[in-house]
Amino acid sequence: MGQARTHIEAQAVFGPLKPYLEPEFLVERDPDRCIQCGVCISQCSFGVHWFDVRRSQVRAEQERCVGCHRCAVFCPTGALTIRRNPSEYRPNANWRPEFVADLKRQAETGGVVLTGMGNDKPFRVYWDHLLLNASQVTNPSIDPLREPMELRTFLGARPDQVNPSASTSALADGATSHPVEGLPAAMVSVEDLPPALQLETPIMFSAMSYGAISFQAQLALFEAAQACGTYANTGEGGWPRPLRRFHDHVIVQVASGRFGVDADYLNEAAMVEIKIGQGAKPGIGGHLPGEKVKAPIARTRMIPEGTDALSPAPHHDIYSIEDLALLIYALKEATHYEKPVAVKVAAVHNVAAIASGIARAGADVIAIDGVRGGTGAAPKIIRDNVGIPIELALAAVDRRLREEKIRNRVSLVVAGGFRSSADVIKAIALGADAVYIGTAAFVAMGCTLCQKCYTGKCAWGITAADPALARRLNPDLAAERLINLVHAWSAEIKEMLGGMGINALESLRGNRDHLRAVGLEQWEMDVLGVKGAGQ
Amino acid sequence: MTLDELRQRQNPYGDDKAIDACGLFGVIDRSGRRLNGQIAIEAMANLHDRGNGLGGGFAGYGIYPEMADAIALHVMLDDQASRARLEEELQQDFHIRLAEEIPHRPVAAGSSVQAPPLLWRYFLDPQPGISRRPGQRVGQGLGQGYDQGRGPEHGSGEGRGHGFGSGDGGPVVGASAEYDPEFADSLVDFVMHINRDLPGVYVFSCARNMGVFKGVGYPEDIGEFFRLDDYAGYMWTGHGRFPTNTHAWWGGAHPFSLLDWTVVHNGEISSYGTNRRFLEMYGYYCTLQTDTEVIAYAADLLMRRHHLSVNEAALVLAAPMWKEIDRLPATARQRLTVLRRVYAPLLLNGPFTVIIARSGELIGLGDRVRLRPFVAASAGDRLYVASEEAAIRVVEPQLDQVWIPRGGEPVVGRLDGLAQAGVPGAVAASAAVARAQATTATTTTTAACAAAWPAARPSGRAGWGEQEVAG
Ligand code: SF4
Ligand code: SF4
């Protein structure tokens, strides 16, 4: 026992262990096309390309390649091809290459394997097993190019009825005629309604914090949210002063670290979201290493420069549902009951009961993040093994809230791997009020899902910590891509709605009659509350 | 009729809902003058081609003046045993003032009327002081079979064990409002209980001084069968059905009724699933799986239970477009925003024209982009609504005014005594203005059509008068 050494001590004695891993990607350079310009050298943030002075030639150290394709996209002559390394172990259905690689990596480092982005495992994607309806003969489809097609969405609590007190008094007057005509003007007053967000499309940008993403990326998201009449979420990393001008389109998060939270932060935002959990890493906290906490990030997060920014796993003032209610109402007090308060949770096994508790605790909006939700950094083992798919979580929550007759009290926002407008519209039909997109927005800005966000070296400048890398993302151009994406999805949603003979999104909400399943088991169809195709 | 029986008859293929199209007609005489039922038969006969003979029906209001204070119950029965079961049930809560077979003619050769069941009517006085015995039983019944058979907690019977004693009479021209809310709820529960728990019994209508007559056949044959020419009422609606996925059964024909609401409807509600789920949260369970049922419940919720005016209800069911709303002045915009936000899931989406009637009031409404035909007309004290002008012209050739209402614009006809709203004689400049007014002003507004309907004019054709009632 006395001879046992820690990993650190071993490294001190022997130096780093030799990696037993082969390169994941092959970097192939077509010598006929390459003009030795060196663009790849400057573009690769992982140090793959280098100029060999002796040979006067650009070369690649491909074991460092993460497959982000930055070099290939920017190579002016298209000389580069990035391919997965076809080199194979003996096939083994149990000891698959990913396990072997992680084992070797852990044997070298003794650490938790980190990753970025969402769960990439082949769990069933239910969206791919749900098909939408369309009108034929018995009712006409509607052409969105000719007829109005409404996507406007409100997020917030809804009363069960319009001003019952006024109605009761009218009844008490005992009019012999219908009591309905002589109601006072006050009957329908907008002030009676709880605060709500108004979205022109049911798509919002997910929580992505400054620090995890670059300033430029956050700026682009806010700009796009404003231009599209929707909202972007600051995430838990505070809200940089220069970005406060987008306040009408910004949702701020209050997470366990409470970074950057003060009265202005809460009151300037359109909505306040309490982050309990996140789909990529339910049940665990976050850790932004001190090296990344440079001056602007430190200022925004309100912590000293160079210190680790730790988000505890639970909120240390929330150990049960009544504590959550206290925080919800503390935030409502702080915002004078003028802002809706949302609570975001990861989709876990008892999500229906949890959501019902959140609704009863007074939240106006519940955001649920499914197992495929993205992240800037998470332990791979957690990301790939904890949580449930958003489709099932959504169906279960929507049903439970209806059964308990409290569905009107909250709006449901769902997140976690929405890849297309079809996923969005299917979520609406399952009962969602709106969706959050994160990964899709990243891809629009250039991301290629290399999963190296946690390194801070994002070659696309999206999750880059290094200011030089971050400057690669032109916020205006990135915003334009995001705006185009939201417009394209909205247009597609309108087409699909029109095809169903529906001209307002609210008439599809929870309308599972317009969904049919293919290739699902009976229990899955029961949870989703949909019939099989042809039934 | 048990739930299984209902399902089997109404939606034998287990589709999401019954799908049908049809022809509609409705008339109200604002002065309360009673019109012979023949008017509805003749109008519907002219819409023959909009149905396929698999369902026709009528609702008449003010048809039982001698029994106006009794609750008139129209039922179809499979056999005498069903009748015995029903009567046993009735006697527990009501005093039966009169029980008789609904008068009808024998089915003539060549008539489209198919296999009539036993058809009976009862005139009932609620027994004072008798409380609903197994109130919960009804609630449990409501819960069953909902949403793939889940959750008895849906039952709305809880706490609904109200006495039947409170409904003592009322004006001859009753309105929904005349029922006190508890009694009305009990009555709804009672009817739902019968429809869902008693084998072989199905209630067509259950309210004061009105009745529904419907069955399998072309509407004109059904009207003839039921001897509608023997009745006179101040308001009639009619319906000829073209179902595509339901076997013909007498209970499946329109009008659909709930309390004194009746609904006849042409269309397919694409928002059915959303509407149904919303209504379930308020204790309405759509067992018949028809759009019509959803519309009746929505009308009941909005206008009876939530006390919205007809205009406000119309603004919910066929809401104006946001584009339109955004252009309105602040107050109107805010009110409409509130209505659309709170009742978003009650927006009826898809093509429809519907005639909703309740004692003293007739409401015609088309979907907001006008995808199904809808015509309104006035002649003297009478207001007509129909699928086609032909149905109106054939019974009233001389019309004062004929118009095609805009999508989402309600056409409202109200008995004189009932109308608090309305600006007689004033023709609103345009429907758009009227709709805007409907949301801004409160007591002085009604739909453009009501406004456009002159207060006093000489009666039109005299032929439909009460004096014409045979025998
Ligand atoms: S890491 Fe990215 S930029 Fe570098 S070589 Fe690989 S694909 Fe090219
Ligand atoms: S954001 Fe950047 S680092 Fe993260 S997956 Fe995308 S390209 Fe890779």
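Here is a short report on the structure shown in this document. Being a predicted model, the structure only gives us computed values, none of them experimental.

**A closer look at the overall build of chain A**
Part 1 of the argument: When its secondary structure is counted, chain A shows 17 helices and 21 strands.
Part 2 of the argument: Viewed in the frame of its principal axes, chain A has a C-alpha envelope of about 100 × 55 × 50 Å.
Part 3 of the argument: The proportion of buried residues among the 535 residues of chain A is 55%.
Part 4 of the argument: Taking the contacts inside chain A whose residues are at least 6 apart along the sequence as the reference set, 69% of them involve residues at least 24 apart.
Part 5 of the argument: Between the centroid of the 55 positive side chains of chain A and the centroid of its 58 negative side chains there is a distance of 7 Å.

**Thoughts on the site of ligand 2**
Part 1 of the argument: Close to ligand 2 lie Met117(A), Phe442(A), Cys447(A), Thr448(A), Leu449(A), Cys450(A), Gln451(A), Lys452(A), Cys453(A), Cys458(A), Trp460(A) and Thr463(A).
Part 2 of the argument: The residue inventory of the shell around ligand 2, partitioned by class, reads eight nonpolar, three polar and one charged.

**Re the sheet that holds strand β6 (residues 130-132) of chain A**
Residues and elements named next belong to chain A.
Part 1 of the argument: If you walk across this open sheet you meet the three strands as β6-β20-β21, and the pairing is mixed. Each edge of the open sheet carries a strand with a single partner, namely β6 and β21 (531-532).
Part 2 of the argument: Note: strand β20 (residues 515-517) against β21, two bridges, orientation parallel. Opposite Ala517, over in β21, you have Gly532 as the bridge partner.

**Some points on the side chain of Ser359(B)**
All names here are of chain B.
Part 1 of the argument: Here Ser359 lies in the loop between β13 (352-358) and β14 (361-366).
Part 2 of the argument: Under the relative-accessibility criterion, Ser359 is labelled buried at 4%.
Part 3 of the argument: Within polar-contact distance, the side chain of Ser359 engages the side chain of Asp260 at 2.5 Å.

**Quick look at the pattern of salt bridges**
Part 1 of the argument: Tallying each qualifying case throughout the model produces 53 salt bridges over all chains.
Part 2 of the argument: Two residues, Arg105(A) and Asp102(A), come together in a salt bridge whose shortest N-O distance is 3.1 Å. Taken as a pair, Arg105(A) and Asp102(A) lie in helix α4 (residues 97-109) at a separation of three residues, close to a single helical turn.
Part 3 of the argument: Residue Asp102(A) is classed as buried on the basis of its relative accessible area, which comes to 14%.
Part 4 of the argument: A salt bridge links Glu280(B) to Arg276(B); its shortest N-O distance comes to 3.6 Å.

**Here's the deal with the environment of Asn119(A)**
Residue and element names in this part refer to chain A.
Part 1 of the argument: Tracing the backbone through its elements, the reader meets Asn119 in the loop between β5 (114-115) and β6.
Part 2 of the argument: Setting aside residues up to four positions removed in sequence, Asn119 forms contacts with Val371, Arg372, Gly373, Arg383, Asp384 and Asn385.
Part 3 of the argument: A distance of 3.1 Å separates the side chain of Asn119 from the backbone oxygen of Arg383, its partner in a polar contact.
Part 4 of the argument: Separated by 3.5 Å, the side chain of Asn119 and the backbone oxygen of Asp384 make a polar contact.

**Some details on the packing of helix α8 (residues 291-305) of chain B against helix α9 (residues 310-317) of chain B**
Residues and elements named next belong to chain B.
Part 1 of the argument: Look at α8 against α9: their axes get within 9 Å of each other, and the N-to-C directions meet at 135 degrees. In terms of their interaxial angle, α8 and α9 are classed as oblique. For α8 against α9, the interelement crossing comes out right-handed. Contacts between α8 and α9 involve Ala298, Leu302 and Met303 on the former and, on the latter, Val310, Ala313, Val316 and Leu317.
Part 2 of the argument: Its residues assigned to classes, the contact of α8 with α9 comprises seven nonpolar, no polar and no charged.

**Details of the packing of helix α10 (residues 351-360) of chain A against helix α12 (residues 390-403) of chain A**
For any two helices packed against each other, one specifies the crossing angle of their axes together with the interaxial distance.
All names here are of chain A.
Part 1 of the argument: Close contact between α10 and α12 brings their axes to 8 Å; oriented N to C, the two are set at 50 degrees. Viewed along their axes, α10 and α12 adopt a mutual orientation that is oblique. For α10 against α12, the interelement crossing comes out right-handed. Across the interface between the two elements, Val351, Ala352, Ala353, Ala355, Ser356 and Ala359 from α10 touch Ala393, Ala396, Val397, Arg400 and Leu401 from α12.

**Brief notes about the environment of Arg83(B)**
Part 1 of the argument: By the element assignment, Arg83(B) lies in helix α3 (residues 80-93).
Part 2 of the argument: Remark: the alpha-carbon pair of Arg83(B) and Leu118(B), spanning 35 residues in sequence, is separated by 8.7 Å.

**Thoughts on the pairing of strand β16 (residues 382-386) of chain B**
Residues and elements named next belong to chain B.
Part 1 of the argument: With five of five residues buried, β16 lies mostly within the body of the structure.
Part 2 of the argument: Where strand β15 (residues 375-379) and β16 come together, five bridges link them in antiparallel fashion. When the sheet's bridge partners are listed, Ala379 is paired in β16 with Arg382.
Part 3 of the argument: With antiparallel pairing between neighbouring strands as the criterion, β15 and β16 make up a hairpin whose turn holds two residues, including Gly380 at a positive phi of roughly 60 degrees.

**Examining the sheet that holds strand β12 (residues 261-267) of chain B**
Strands pair in a sheet through their backbones, by hydrogen bonds, and they do so in one of two ways: parallel or antiparallel.
Residues and elements named next belong to chain B.
Part 1 of the argument: The five strands are arranged β11-β12-β13-β14-β18 in an open sheet whose pairing can be described as antiparallel. For this open sheet the edge positions go to β11 (256-258) and β18 (411-414), each flanked by a neighbour on one side alone. Each strand axis lies, on average, 15 degrees off the axis of its neighbour in the sheet, ignoring direction.
Part 2 of the argument: Relative to β18, β14 runs antiparallel, the two sharing four bridges. The residue of β18 that forms the bridge with Leu362 is Gly413.
Part 3 of the argument: Of the strands in this sheet, β13, β14 and β18 touch α9, which is tilted by about 25 degrees from β14.

**Comments concerning a nonpolar patch on the surface**
Residues and elements named next belong to chain A.
Part 1 of the argument: A contiguous nonpolar patch, built from Trp95, Phe99 and Leu103 and spanning about 330 Å² of accessible area, is present on the exposed surface.
Part 2 of the argument: If you trace the backbone, Phe99 turns up in helix α4.
Part 3 of the argument: You can call Phe99 partly exposed: its relative accessible area is 42%.

What counts as what
- Residues numbered from 1 in each chain as written.
- Chains lettered and ligands numbered in written order.
- Predicted model: local features only at pLDDT ≥ 70, side-chain atom pairs only at ≥ 80, totals over all residues.
- Heavy atoms only, no water.
- Helix = DSSP H or I, 4+ residues; strand = E, 2+ residues; numbered from the N terminus.
- Buried < 20%, exposed > 50% of the residue type's maximum accessible area, 1.4 Å probe, protein only.
- Contact = heavy atoms within 4.5 Å.
- Lys, Arg positive; Asp, Glu negative; His and termini not counted.
- Charge placed at Lys NZ, Arg CZ, Asp CG, Glu CD.
- Near = heavy atom within 4 Å.
- Nonpolar A, V, L, I, M, F, W, Y, C, P; charged D, E, K, R; others polar.
- Pairing = 2+ DSSP bridges.
- Polar contact = N/O pair within 3.5 Å; in protein donor to acceptor, adjacent residues only side chain to side chain.
- Salt bridge = Lys/Arg side-chain N within 4 Å of Asp/Glu carboxyl O.
- Axes fitted to C-alpha atoms, helices over the stretch in contact; angles between N-to-C directions.
- Parallel < 35°, antiparallel > 145°, perpendicular 65-115°, else oblique.
- Left-handed = near helix turned anticlockwise from the far one by under 90°.
- Patch = residues over 30% accessible without salt bridge, like charges linked within 9 Å, V, L, I, M, F, W, Y side chains within 5 Å.
- Areas by Shrake-Rupley, 256 points an atom, 1.4 Å probe, with all protein chains shown as cover.

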